[in-house]
Amino acid sequence: MAKVVTTLPTSLLSLVFLARLSALLVALLALTWAFYFQTSFLHHQRPSTQQDLLYAVLHPLLMVIGFIVISGEAILVHRWLPGSRNLKKSVHLCLQGVALASGIFGIWTRFRGEKGVVANFYSLHSWMGILCISLFGAQWLMGFLNFWHKIEMRTIRARVLPWHVFLGLYTYGLAVVTAETGLLEKLTFLQVNGRVMKRCTESTVVNCLGIGLVLLSGLVILAAVSPKQRSLQTVYANSKCLTS
């Protein structure tokens, strides 16, 4: 008689660990940029209040840590978390909900200026941000209706699952690309206006943050598409075979 035991591959555990390490690095770099270089977030044409500075600093923190890092952790839940499927789905759904709330609030902090939303909605970064958060919200709602709602039929879930996985990874990748355009836009603006030198500590921090996001997204997506389990077949011989 044979018994099949499933375990997590060492390579998958290593990917999850490296993804967590990259997420920590990204979070530390984002915090360093926001708190040690606050003058870069001040308005260059008019005096900025403490409230303006707070909202300006909150935008990159919410979008990078609250949106990208937490949504990446939500993707990894199905790769490492032990327990039932319902437990994994509930944790995944909650983490994605936190990421969605962070993304919405992060966009609000950017568009709350005196000139309103329309005046700030002009760059590729802003266009991609609205598209990304809209897809993410639709994805979260689709996941809730098709995977968490008890009345949904199993056949419908099976049909939606490939699209749910694809759109989830696509939206996550789009969020990282959007963040990269934001970093490039901000750093270019600061350098063109002479507020930051091309070769300085802040430029290095921002560039490292961009590289960290690239590394993090690659590890998260690779861990998401890697085989989750391997089968180890252990053959138990009967007592006659053992004594022979």
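All figures in this text were calculated on a predicted structure; none of them were measured in a lab. (Residues numbered from 1 in each chain as written. Predicted model: local features only at pLDDT ≥ 70, side-chain atom pairs only at ≥ 80, totals over all residues. Heavy atoms only, no water.)

A.B. asks: Any details on the side chain of S22? Residues and values, ideally.
C.D. replies: Here S22 shows up in helix 1 (residues 10-36). Each residue touching S22, except ones within four places of it in the same chain, is listed here: L215, L216 and L219. (Helix = DSSP H or I, 4+ residues; strand = E, 2+ residues; numbered from the N terminus. Contact = heavy atoms within 4.5 Å.)

A.B. asks: Explain a nonpolar patch on the surface residue by residue, including any values.
C.D. replies: A cluster of nonpolar side chains, namely F17, L18, L21, L24, L28, L31, F35 and Y36, defines an oily patch on the protein surface of about 850 Å² accessible area. In this structure, F35 sits in helix 1. Accessibility expressed as a relative area gives 48% for F35, which makes it partly exposed. (Patch = residues over 30% accessible without salt bridge, like charges linked within 9 Å, V, L, I, M, F, W, Y side chains within 5 Å. Areas by Shrake-Rupley, 256 points an atom, 1.4 Å probe, with all protein chains shown as cover. Salt bridge = Lys/Arg side-chain N within 4 Å of Asp/Glu carboxyl O. Buried < 20%, exposed > 50% of the residue type's maximum accessible area, 1.4 Å probe, protein only.)

A.B. asks: Can you explain the packing of helix 2 (residues 50-80) against helix 7 (residues 201-225)? Please cite residues and give values.
C.D. replies: One can describe the packing of helix 2 onto helix 7 by two numbers: an axis separation of 9 Å at closest approach and a directional angle of 20 degrees. As far as their axial angle goes, helix 7 and helix 2 are roughly parallel. Relative to helix 7, the crossing made by helix 2 is left-handed. Together, V64, I68, V69, G72, I75, L76 and R79 of helix 2 and L209, L213, L216, V220, A223 and A224 of helix 7 make up the contact between the two elements. Broken down by class, the residue content of the contact of helix 2 with helix 7 amounts to eleven nonpolar, one polar and one charged. (Axes fitted to C-alpha atoms, helices over the stretch in contact; angles between N-to-C directions. Parallel < 35°, antiparallel > 145°, perpendicular 65-115°, else oblique. Left-handed = near helix turned anticlockwise from the far one by under 90°. Nonpolar A, V, L, I, M, F, W, Y, C, P; charged D, E, K, R; others polar.)

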